[in-house]
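A closer look at the structure
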Amino acid sequence: MDQPMRMKNNGQISIVLNSQKRNSLAKEIVETPVAPKAIPPEHAALKEIEDELGQLVGMEEMKRMIKEIYAWLYVNKKRDEIGLKTGKQALHMMFKGNPGTGKTTVARLIGKLFLKMNVLSKGHLIEAERADLVGEYIGHTAQKTRDLIKKAMGGILFIDEAYSLGRGGEKDFGKEAIDTLVKHMEDKQHDFILILAGYSREMEYFLSLNPGLHSRFPLVIDFPDYSIDQLMEIGNRMLVEREYNLSHEAEKKLRDHLYWLKSSLTPNSFSNGRYIRNVIEKSIRTQAMRLLMLNNFDRHDLVTIRSNDLVFEED
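Note that the structure is predicted; figures quoted are calculated from it, not measured.

1. Description of the overall build of the protein chain
For the protein chain, the helix and strand inventory stands at 12 helices and 9 strands. Classification of the 315 residues of the protein chain by burial places 40% in the buried group. Across the protein chain, every contact between residues at least 6 apart in sequence was considered, and the portion connecting residues at least 24 apart equals 72%. Surface summary for the protein chain: the accessible area is close to 18700 Å², and the carbon and sulfur share equals 52%.

What follows is the structure in structure tokens.
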């Protein structure tokens, strides 16, 4: 062995190839075809969900969490097959983040994954807010909440702005809804999944309202605000899907507007992805009106969104 060896500080040995052999080795590596790793058929569910997750901008923590949940469920299944203990973990979740950060979209994807893995029998999503749970008189709230849970059996009950259930204090019927949810989370914890969503700070306060609430949510996922680049990517993906594109001036105008908006508004009042979707949809309608008035339907004009097609409500 004629290559010089160097000893690193940690005791590991590093072999240094001379340049001629290094170059020939590199050439061999480049020219050697590498067979792609095939996804085993039993992981088709994960592959399908990964493909859908790949369409979402950002959300790295959430994507990692979903893969961890999948791995845990799959390994538990393998343990069960050979007679090892498999503890059933509650899969109730809490999503924390500002509006328009993709919480509802992710909840639907989780329902699809859990259906494919036989964790849920239906995988459907029931969306609810305070008005759907809180009644007008004593006993009414518990019944409304039970009815919603019944509809969610085999799927997911997704409660947005869940912290609003605790805003009225001790005498408010929202507390009755919380108590009913806690009871059914325990009694039917493997028959449905409860996902509570809302602003980060408000959700922390909400958890303090019932001593048994915090421990019943083993999975907490943060949905950070989108960066300017991510918002632009969301907009561009929407346009490409619809066979449009932004002119150079329009792209600059939109980016400058987003910078101004994010510096002017509080995080809670900016609707993130929802905002950019509304802007793009509005620009497509404005462009259509402009072309109609000009009676100009050239292909280039039909696919191009110009700066004057971007109309912002804040202007």
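After presenting the structure, the write-up continues.
2. Quick word on the packing of aromatic side chains
The description of two aromatic rings rests on the distance between their centres and on the angle between their planes. Overall, the coordinates contain 4 aromatic pairs when judged by the stated rule. For the pair Tyr 70 and Tyr 74, a centre-to-centre distance of 6.1 Å together with 10° between the ring planes defines the contact as stacked. Of this pair, Tyr 70 and Tyr 74 both sit in helix 3 (residues 60-81), separated by 4 residues, roughly a single helical turn. Per residue, the accessibility class of Tyr 70 equals that of Tyr 74, and both read buried. An aromatic cluster is defined as three or more aromatic residues linked by ring pairs; in this entry it consists of Phe 95, Phe 158 and Phe 223.

3. Observations regarding the pattern of salt bridges
Here the structure, examined in full by the defined rule, presents 13 salt bridges. Measuring nitrogen to oxygen at the nearest pair gives 3.0 Å for the salt bridge that ties Asp 51 to Lys 47. You can see Asp 51 and its partner Lys 47 sitting in helix 2 (residues 44-53), 4 residues apart, about one turn around the helix. Classification of Asp 51 as partly exposed rests on a relative accessible area of 41%. Residue class for Lys 47 comes out partly exposed when judged on its relative accessible area of 33%. Where Glu 81 meets Lys 78, a salt bridge forms, and the shortest distance between an N and an O atom there is 3.7 Å. Taken as a pair, Glu 81 and Lys 78 lie in helix 3 at a separation of 3 residues, close to a single helical turn.

4. Thoughts on a nonpolar patch on the surface
Residues Met 289, Leu 292, Met 293, Phe 297 and Leu 302 make up a contiguous nonpolar surface patch of about 540 Å² in total accessible area. Top contributing element to the nonpolar patch by residue count: helix 11 (residues 272-294), with 3 residues. By the secondary structure assignment, Met 293 is in helix 11. A residue is classified by how much of its surface remains accessible, and Met 293, at 64% relative accessible area, is exposed.

5. Thoughts on the confidence of the model for the protein chain
Of the residues in the protein chain, 83% reach a pLDDT of 70 or more, and the chain-wide mean stands at 81. Summarising per-element confidence for the protein chain, the mean pLDDT is lowest in strand 2 (residues 13-15) (37) and highest in strand 8 (residues 245-246) (96). A low-confidence stretch, residues 1-22 (pLDDT under 50), is modelled with 21 contacts involving residues beyond four sequence positions or located in other chains. Here residues 25-36 is a poorly scored stretch, pLDDT under 50, and it has 1 contact once near neighbours within four places are set aside; other chains count.

6. Overview of the side chain of Asp 309
Tracing the backbone through its elements, the reader meets Asp 309 in the segment after strand 9 (304-305). For Asp 309, a relative accessible area of 0% corresponds to the buried category. At a separation of 2.8 Å, a polar atom in the side chain of Asp 309 contacts the side chain of Arg 290. Reaching out from Asp 309, the side chain makes a polar contact with the backbone nitrogen of Arg 306 at a distance of 2.8 Å.

7. Looking at the nonpolar core
Met 62, Phe 95, Val 106, Phe 114, Leu 254 and Leu 258 are the most contacted members of the largest nonpolar core, which totals 55 residues. With 7 residues, helix 3 is the single largest residue contributor to this core. In this view, Leu 258 contacts Ile 228, Leu 231, Met 232, Phe 270, Tyr 275 and Ile 276; residues no more than four positions away in its chain are not counted. Counting residues in hydrophobic clusters, the runner-up holds 27 residues, among them Ala 162, Tyr 163, Ile 178 and Leu 181.

8. A closer look at the sheet that holds strand 6 (residues 193-198)
Here we have 5 strands laid out as an open sheet, ordered 4-5-6-3-7, and parallel in their pairing. In the strand order of this sheet, the two ends are held by strand 4 (125-128) and strand 7 (219-223), each with one partner. Direction aside, neighbouring strands of the sheet carry axes that sit 20° apart on average. Both strand 4 and strand 5 (residues 156-159) contribute to a ladder of 4 bridges, which runs parallel. Residue pairing for strand 5: Ile 126 is matched across the bridge by Leu 157. The sheet contacts of helix 6 (residues 140-152) involve strand 4 and strand 5, and relative to strand 4 the element is tilted by about 155°.

9. Description of helix 4 (residues 103-116)
For helix 4, built from 14 residues, the straight-helix expectation of 20 Å at 1.5 Å per residue is met to within 8% by its first-to-last C-alpha distance of 20 Å. Those residues of helix 4 not exposed but buried are Lys 103, Val 106, Ala 107, Leu 109, Ile 110, Gly 111, Leu 113 and Phe 114. Count one or two residues on from helix 4 and you reach Asn 118, which has phi positive near 60°.

Calculation notes
- Residues numbered from 1 in each chain as written.
- Predicted model: local features only at pLDDT ≥ 70, side-chain atom pairs only at ≥ 80, totals over all residues.
- Heavy atoms only, no water.
- Helix = DSSP H or I, 4+ residues; strand = E, 2+ residues; numbered from the N terminus.
- Buried < 20%, exposed > 50% of the residue type's maximum accessible area, 1.4 Å probe, protein only.
- Contact = heavy atoms within 4.5 Å.
- Areas by Shrake-Rupley, 256 points an atom, 1.4 Å probe, with all protein chains shown as cover.
- Phe/Tyr/Trp six-rings, centres within 6.5 Å; stacked < 30°, edge-to-face > 60°.
- Salt bridge = Lys/Arg side-chain N within 4 Å of Asp/Glu carboxyl O.
- Patch = residues over 30% accessible without salt bridge, like charges linked within 9 Å, V, L, I, M, F, W, Y side chains within 5 Å.
- pLDDT = per-residue confidence, 0-100.
- Polar contact = N/O pair within 3.5 Å; in protein donor to acceptor, adjacent residues only side chain to side chain.
- Core = buried A, V, L, I, M, F, W, Y, C linked by side-chain atoms within 4.5 Å.
- Pairing = 2+ DSSP bridges.
- Axes fitted to C-alpha atoms, helices over the stretch in contact; angles between N-to-C directions.
- Expected span 1.5 Å × (residues − 1).

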